[in-house]
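Fold and contact review
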Amino acid sequence: MFSSVYSKIGAAFGRLSQSLRVQLLFLVLLTLFGAIGFNLYDSFWSADATARLVTDRTLLASARVIAEAVRVDEGGNVQVDVPPAALEMFDTGFGDRVFYQVTTVWGNLVSGFPDLPLPAAQRVGEDHAFHGADVRVLMLDHPVVGLPNDGTISVTVAVTHKSQYAMRRQLWLSDFSKQFVLVFLASLVTILGLQRGLAPALRLRDAVRERGRNRFDPLPPEMVQSELRPLVHALNDHMQRVQSQMAAQRRFVSNAAHQLRTPLALISTQASVAAREGDAVRRDEALVALRTSTRQISRLAGQLLTLSRAEPGSRRPRGDVTDLSKAAREILEAHAEEALKRNIDVGLEADGPVIVEGDGTMLREMLVNLIDNAIRYSGADGRVTVSVGQADGSAVVTVEDSGLGIPESERDHVFERFYRIMGTESEGSGLGLAIVREVVEGAGGWVSLGDAEGGGLIVTVRLPLA
């Protein structure tokens, strides 16, 4: 039972600690209490100094009254009748005890307590212990008419600390009450200010919540304060990107369905033809065509899967270490048979290991698509050259072919998904360069297209070195 109560209390405190209003209020109150704590500490010592000063002034006045009552009789004896006013000035209602001592310059006790402690200097109050009580003591030397050689007498007055401490407490409590009122008013103003200041942010929250799933029109920045307007601009930019991504996703799904529909229909037709064909030669031709269509749709499905994996946020970030020279060599060896069938001269130029960090699988897919596109579009008796090196602190991969190249007006479009140049006879899905761009940008690099020497296309990829 108690554990559930404690857990609920802990959850409530957890929610409060995540509140911006509570955090700001806490910071304001923490600052106020810190400043007030210092002020109260300082005011305590100021009150103590004031109380000591008042006590010392009272002690000095009492000593003067007593000293002025000292006289010398006809026989030369020093006598004193302590005036009641000298002692009554300490009667403040707190029950203080008063002690005094009057002595001559030669040390004779005239009146008072003989063992009363004496301060080190006159007219300066000191704290001492006397008869089991803490007292404040002050001494005054005063000349007396009638004493030989202008002699003086010493008057020492001591009083307990009750009145002094009461005065100090009253002064400090008065200051404390003012500080408390200040904290209360500051807290009230802070709460009201936070409520008023956060109202536009709450309106922004409600405006975002009330929007439908397909509503992405921009929010008006004027609905919040100037400090929050960058947040509104960021929300508008994010909604615009989401809208663009959703539109691109819809186009992708539509194009993918269209690209898959044609080979699937062709496979169905070829299978039907092969099943009905009685002639073995024509049936074999239909089966060969069926295998070709199957490979095409299998490759298209693989590219679609690779493209979805290359999109930002679709995979957990990886930090594989990949040698691009080694990976390019292995991929070229895997495509050697296809290149030999078309009599394409394939070469690799690599001075040594070129190490990059990232998703090793996607980096290999990037090289696969670059090399596959180069072989596919080079034509018979062509050439494909892959170069891997380093320049300006980056890994540089270039794939050059002897095909027809890509017109400059089309180079921005060929990175779009399913885009194919009109009149292209080579089979393909239009996903190869889209995959390359997604992988390269995901690895923090960039890709560009150019004209190869002697005709053809050269693709340049730059990636940060590990």
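Criteria and thresholds
Residues numbered from 1 in each chain as written. Predicted model: local features only at pLDDT ≥ 70, side-chain atom pairs only at ≥ 80, totals over all residues. Heavy atoms only, no water. Pairing = 2+ DSSP bridges. Helix = DSSP H or I, 4+ residues; strand = E, 2+ residues; numbered from the N terminus. Axes fitted to C-alpha atoms, helices over the stretch in contact; angles between N-to-C directions. Contact = heavy atoms within 4.5 Å. Patch = residues over 30% accessible without salt bridge, like charges linked within 9 Å, V, L, I, M, F, W, Y side chains within 5 Å. Areas by Shrake-Rupley, 256 points an atom, 1.4 Å probe, with all protein chains shown as cover. Salt bridge = Lys/Arg side-chain N within 4 Å of Asp/Glu carboxyl O. pLDDT = per-residue confidence, 0-100. Core = buried A, V, L, I, M, F, W, Y, C linked by side-chain atoms within 4.5 Å. Buried < 20%, exposed > 50% of the residue type's maximum accessible area, 1.4 Å probe, protein only. Parallel < 35°, antiparallel > 145°, perpendicular 65-115°, else oblique. Left-handed = near helix turned anticlockwise from the far one by under 90°. Phe/Tyr/Trp six-rings, centres within 6.5 Å; stacked < 30°, edge-to-face > 60°.

Here we look at the sheet that holds strand β9 (residues 345–350)
Across a sheet, paired strands are connected by hydrogen bonds in the backbone, their directions being either parallel or antiparallel. The 5 strands lie next to each other as β9-β11-β12-β14-β13, forming an open sheet whose pairing is mixed. The open sheet terminates on both sides in strands that have one partner only, identified here as β9 and β13 (446–451). Sheet twist, expressed as the mean angle between neighbouring strand axes with direction ignored, is 15°. Two elements, β9 and strand β11 (residues 383–391), share 6 bridges in a ladder whose sense is parallel. If you follow Glu349 over to β11, its bridge partner there is Ser387. Across the sheet, helix α7 (residues 324–334) is in contact with β9, β11, β12 (394–401) and β14 (457–464); its angle to β9 comes to roughly 170°.

Some points on a nonpolar patch on the surface
Where nonpolar side chains cluster on the molecular surface, the patch consists of Leu173, Phe176, Phe180, Val181, Phe184, Leu185, Leu188 and Leu192 and spans about 790 Å² of accessible area. Locating Phe180 in the fold gives a position in helix α4 (residues 162–209).

Quick look at the confidence of the model for the chain
Should pLDDT be low for a region, the predicted coordinates there are not to be read in detail. Chain-level pLDDT for the chain is 82 on average; 86% of the residues reach the 70-or-more range. The lowest-confidence element of the chain is helix α1 (residues 2–17), averaging 58 in pLDDT; the highest-confidence one is strand β5 (residues 126–130), averaging 95.

Brief notes about the nonpolar core
With 39 residues, the main nonpolar core has Leu324, Met366, Leu370, Val386, Val461 and Leu463 as its most contacted residues. Looking at this core, the elements with two or more residues in it are α7, α9 (360–378), β11, β12, α10 (432–442), β13 and β14. Considering every element that reaches this core, the biggest residue donor is α9, with 8 residues. If sequence neighbours within four positions are ignored, Leu324 has contacts with Val354, Val356, Leu367, Val388, Ala395, Val397 and Leu463. Formed by 21 residues, the second largest nonpolar core is a distinct cluster that contains Ile66, Tyr100, Leu140 and Ile153.

Topic: the sheet that holds strand β4 (residues 109–112)
The 5 strands lie next to each other as β4-β3-β7-β6-β5, forming an open sheet whose pairing is antiparallel. The sheet is open, and its two edges are formed by β4 and β5, each paired on a single side. Neighbouring strand axes in the sheet, compared pairwise and without regard to direction, differ in orientation by 25° on average. Direction of pairing for strand β6 (residues 133–143) relative to strand β7 (residues 152–160): antiparallel, over a ladder of 9 bridges. Paired with Met139 across the strands is Thr156, a residue of β7.

Here's the deal with the packing of α7 against α9
Between α7 and α9, the least distance of the axes is 10 Å, while the angle of their chain directions is 45°. By the angle between their axes, α7 is oblique relative to α9. When the axes of α7 and α9 are compared, the crossing they make is right-handed. Where α7 abuts α9, its residues Leu324, Ala327, Ala328, Glu330, Ile331 and Leu332 lie against Arg364, Leu367, Val368 and Ile371.

Topic: the pattern of salt bridges
A full pass over the atoms with the stated rule returns 10 salt bridges. Taking the shortest distance from any N to any O, the salt bridge between Asp56 and Arg136 comes out at 2.8 Å. In this pair, Asp56 is assigned in helix α2 (residues 20–68) and Arg136 in strand β6, connecting sequence segments 80 residues apart. Among the charged side chains, a network of salt bridges with common partners joins Asp48, Arg52 and Arg168.

Remarks on the packing of aromatic side chains
Taken as a whole and assessed by the stated rule, the structure comprises 6 aromatic pairs. Each ring, one from Phe99 and one from Phe130, has its centre 4.9 Å from the other, and the planes form 80°; the classification is edge-to-face. A residue pair is termed long-range when its members are at least 10 positions apart, and Phe99 in strand β3 (residues 98–104) and Phe130 in strand β5 qualify at 31 residues. The same class applies to Phe99 as to Phe130, namely buried. Each ring, one from Trp172 and one from Phe176, has its centre 5.6 Å from the other, and the planes form 20°; the classification is stacked. Here Trp172 and its partner Phe176 are both found in helix α4, 4 residues apart, which amounts to about one turn of the helix. Taking relative accessible area as the criterion, Phe176 reaches 36% and is therefore assigned partly exposed.

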